[in-house]
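Take a look at the letters that make up each chain.
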Amino acid sequence: MMELEERIAHLIRAVDELSDVVARQAGEIDTLTRRVAMLLLREAEREAQEGEGLGAIPLADQKPPHW
C-alpha cells in the first residue's frame, strides 16, 4: 500500500509539473502568434506603401519564379 501511495504522489507531482509547462508554453504561443500577426501587418503596410502608384503586385500575391 505504501508503494502505491508513493507512486501516486510522484505521478501527481509529474502531472502538476507538466501542467505548468503546458500553461507556460500556451502563453508563449499566444505571445508569438500576436507578434507574427503584427509583423505580417507591418510588412503588408510596407509593401502597400512601396507599391503605391507603381502598379506593383504585393509580394505575398506574386507567384514564385518556377510557376
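For the structure, check the block above.
Fair warning: this is a prediction, and the values are worked out from it, not measured in the lab.

A. Broad picture of the overall build of the protein chain. Counting secondary structure elements, the protein chain contains one helix and zero strands. Classification of the 67 residues of the protein chain by burial places 3% in the buried group. For the protein chain, the exposed area adds up to about 6500 Å²; of that, 63% sits on carbon and sulfur atoms.

B. A look at the pattern of salt bridges. In the structure shown here, the tally under the stated rule is four salt bridges. The partner of Arg24 in a salt bridge is Glu28, with the nearest N and O atoms 3.3 Å apart. Within this pair, Arg24 and its partner Glu28 are both found in helix α1 (residues 2–51), separated by four residues, close to a single helical turn. Arg24 sits in the partly exposed class, given a relative accessible area of 48%. Residue Glu28 is classed as partly exposed on the basis of its relative accessible area of 39%.

Rules behind the numbers
- Residues numbered from 1 in each chain as written.
- Predicted model: local features only at pLDDT ≥ 70, side-chain atom pairs only at ≥ 80, totals over all residues.
- Heavy atoms only, no water.
- Helix = DSSP H or I, 4+ residues; strand = E, 2+ residues; numbered from the N terminus.
- Buried < 20%, exposed > 50% of the residue type's maximum accessible area, 1.4 Å probe, protein only.
- Areas by Shrake-Rupley, 256 points an atom, 1.4 Å probe, with all protein chains shown as cover.
- Salt bridge = Lys/Arg side-chain N within 4 Å of Asp/Glu carboxyl O.

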